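Descriptive structure summary
Below are the chains, spelled out letter by letter.
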Amino acid sequence: MSIAAPFDAPTLIACKRDGHRLPDAGIDWLISGYTSGVVAEEQMSALLMAIYLRGMDEHENARWTQAVLASGERLDFSAVPRPTVGKHSTGGVGDKITLPLIAAVAACGAAVPSASGRGLGHTGGTLDKMESIAGFSAALSGTRVRDQLSEIGAAIFSAGQLAPADVKLYALRDITGTVESLPLVAASVMSKKLAEGTDALVLDVKVGSGAFMKGLDDARELARRMVALGTAQGVATRALITDMGVPLGCTVGNAIEVAEALEVLAGGGPPDVVALTVRLAHEMLALTGIDDADPTQALRDGTAMDRFTAMVRAQGGDLSQPLPLGSCTETVTADRGGFMGDIDAMAVAQAAWRLGAGRSRPGERVQHGAGVRIHRRPGEPVAAGQTLFTLYTDTPERTGAALAALDGGFAIGDTPPLPRPLIIETSP
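A brief look at the structure comes next. Because the structure is a prediction, the values reported are computed rather than measured.

1. Side note on the overall build of the protein chain
- Helices and strands together make up the secondary structure of the protein chain, namely 16 helices and 13 strands.
- Over its C-alpha atoms the protein chain spans a radius of gyration of 21 Å, differing by no more than 12% from the 22 Å that the globule rule assigns to 428 residues.
- Counting only C-alpha atoms and orienting by the principal axes, one finds that the protein chain spans roughly 70 × 50 × 40 Å.
- By sequence separation, contacts in the protein chain at least 24 residues apart represent 79% of the contacts at least 6 residues apart.
- As displayed, the protein chain offers around 16,100 Å² of accessible surface, 51% of which is attributable to carbon and sulfur atoms.
- Measuring between centres, the 37 positive side-chain charges of the protein chain sit 1 Å from its 48 negative side-chain charges.

Given below as structure tokens:
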């Protein structure tokens, strides 16, 4: 289908609706027009749904990513006296890995800028978690980020003017049922991560019930596309495909996940969170050429905690203040003894979202103290009457819907379930 300039939104929407490739200049016009307000929210919503249903080929995907990247500035860390490396997860349940990971990598000699977002769909956002720390601010200028990376080696900050088109698209996808679109996920992730301007990038591509990609083939395709997008821009890029059939760790929410991340930084924490943190740290350090550092030791000896504490303090946060926890609690107990079976990550995510840990419309405030604590992990023995889950919220009227979401998301069996591999494969 041939479309000539000047462009208009209805024609481009119809082009994608009918399964045709969007023209390069048309993509540029759409992204620029949406960012400036020329393309209306309703029109972009229709286009996103058309992309969700019809997809985008690799050429379209690359052009869309470049247009979103070009909507804002690109950070320059050439003056930072450490190799820079980024990390991104495609979104999971209980995925607080960024917090201990960037501190461990910084303690090992690299610099990790983390331009982060808020919750999207059922997944928690890193900014929502970090802003549960009293006084913490993610509003950092580019100069402030560079200075902090030079001094501390880590910074978690709002994307701000990095790919501002994606900031708008990200919020719109969240409320239009288009979050799971493979090309839109790839473009969203890579536009932000390329705008960070790092030398290298490691991607954690989740697969399973609690991930945007439910099947392994889709996860592989997403990983392949993102690695190709990064490599084409001269950024050394690697992807790990990891399991998200069950939640990561024992907590799902905001402040409750920060508390668990602090346990990892103190040398403890759930084994799966520690294992994934260490593996991703090794991958990040390898891409920057740092081969003689041990992230496991950084977690054990307190140097990673020192980096995290310094980062939080530099951004106005006060870890001496207690983290918020919902004032209303509800427990789920075992109706029989046996072994905890697999826990459906999506069911737990939906429960946390209904408790107030997520948002249902752009700009809505989350409850930092809302969430779910998992007391028995898959395979662990369970006694009748034992507490399996604790739900937290400040609005008790939410608990009924949260309990309904959790119902059927777990089972107790006579034998433990088969172990699940946490790290499935690496690409490339």
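2. Topic: the side chain of Thr-251
- By the secondary structure assignment, Thr-251 is in strand 6 (residues 251-253).
- For Thr-251, the side chain forms a polar contact with the side chain of Glu-260, separated by 3.4 Å.
- The contacts of Thr-251, once residues within four sequence positions are left out, are Gly-94, Lys-96, Ile-256, Glu-257, Glu-260, Val-372 and Arg-373.

3. Side note on the packing of helix 2 (residues 24-36) against helix 4 (residues 58-69)
- For the pair helix 2 and helix 4, interaxial distance at closest approach is 9 Å and the crossing angle is 35°. Seen along the crossing, helix 2 lies across helix 4 with a hand that is right-handed. In this structure, helix 2 uses Asp-24, Ile-27, Asp-28 and Ile-31 to contact helix 4, whose residues at the interface are His-59, Glu-60, Arg-63, Trp-64, Ala-67 and Val-68.
- The class makeup of the residues in the contact of helix 2 with helix 4 is 5 nonpolar, 1 polar and 4 charged.

4. Remarks on helix 15 (residues 345-357)
- Compared with an ideal rise of 1.5 Å per residue, which puts 13 residues at 18 Å, helix 15 spans 15 Å between its outermost C-alpha atoms and falls more than 12% short.
- Most of helix 15 is tucked away, with 10 of its 13 residues classed as buried.
- When we look at burial in helix 15, the residues that qualify are Ala-345, Met-346, Ala-347, Val-348, Ala-349, Ala-351, Ala-352, Leu-355, Gly-356 and Ala-357.
- Looking at the buried residues of helix 15, the elements they touch are strand 6, strand 9 (371-374), strand 11 (387-393) and helix 16 (399-406).

5. Structural notes on the sheet that holds strand 7 (residues 328-333)
- In space, the 4 strands of this open sheet follow the order 6-9-11-7, with antiparallel pairing throughout. One side of each edge strand has no neighbouring strand; the edge strands of this open sheet are strand 6 and strand 7. Within the sheet, the average angular offset between the axes of one strand and its neighbour, ignoring direction, is 15°.
- Relative to strand 11, strand 9 runs antiparallel, the two being bridged by 4 bridges. Across the sheet, residue Ile-374 finds its bridge partner in strand 11, namely Phe-389.
- Where helix 11 (residues 255-265) meets the sheet, it contacts strand 6, strand 9 and strand 11, and its direction lies at approximately 140° from that of strand 6.
- Along the sheet, helix 15 contacts strand 6, strand 9 and strand 11; its crossing angle with strand 9, the most-contacted strand, is approximately 140°.

6. Let's talk about the pairing of strand 11
- Counted residue by residue, strand 11 has 6 buried out of 7 residues, so it is predominantly covered.
- One ladder, built from 6 bridges, connects strand 7 with strand 11; its direction is antiparallel. Among the inter-strand pairings, Cys-328 is bridged to a residue of strand 11, identified as Thr-393.

7. So, the pairing of strand 9
- When strand 6 meets strand 9, the two strands line up antiparallel, connected through 3 bridges. Within the sheet, the bridge partner assigned to Gly-253 lies in strand 9 and is Gly-371.

Conventions adopted
- Residues numbered from 1 in each chain as written.
- Predicted model: local features only at pLDDT ≥ 70, side-chain atom pairs only at ≥ 80, totals over all residues.
- Heavy atoms only, no water.
- Helix = DSSP H or I, 4+ residues; strand = E, 2+ residues; numbered from the N terminus.
- Rg over C-alpha atoms; globule rule 2.2 N^0.38 Å.
- Contact = heavy atoms within 4.5 Å.
- Areas by Shrake-Rupley, 256 points an atom, 1.4 Å probe, with all protein chains shown as cover.
- Lys, Arg positive; Asp, Glu negative; His and termini not counted.
- Charge placed at Lys NZ, Arg CZ, Asp CG, Glu CD.
- Polar contact = N/O pair within 3.5 Å; in protein donor to acceptor, adjacent residues only side chain to side chain.
- Axes fitted to C-alpha atoms, helices over the stretch in contact; angles between N-to-C directions.
- Left-handed = near helix turned anticlockwise from the far one by under 90°.
- Nonpolar A, V, L, I, M, F, W, Y, C, P; charged D, E, K, R; others polar.
- Expected span 1.5 Å × (residues − 1).
- Buried < 20%, exposed > 50% of the residue type's maximum accessible area, 1.4 Å probe, protein only.
- Pairing = 2+ DSSP bridges.

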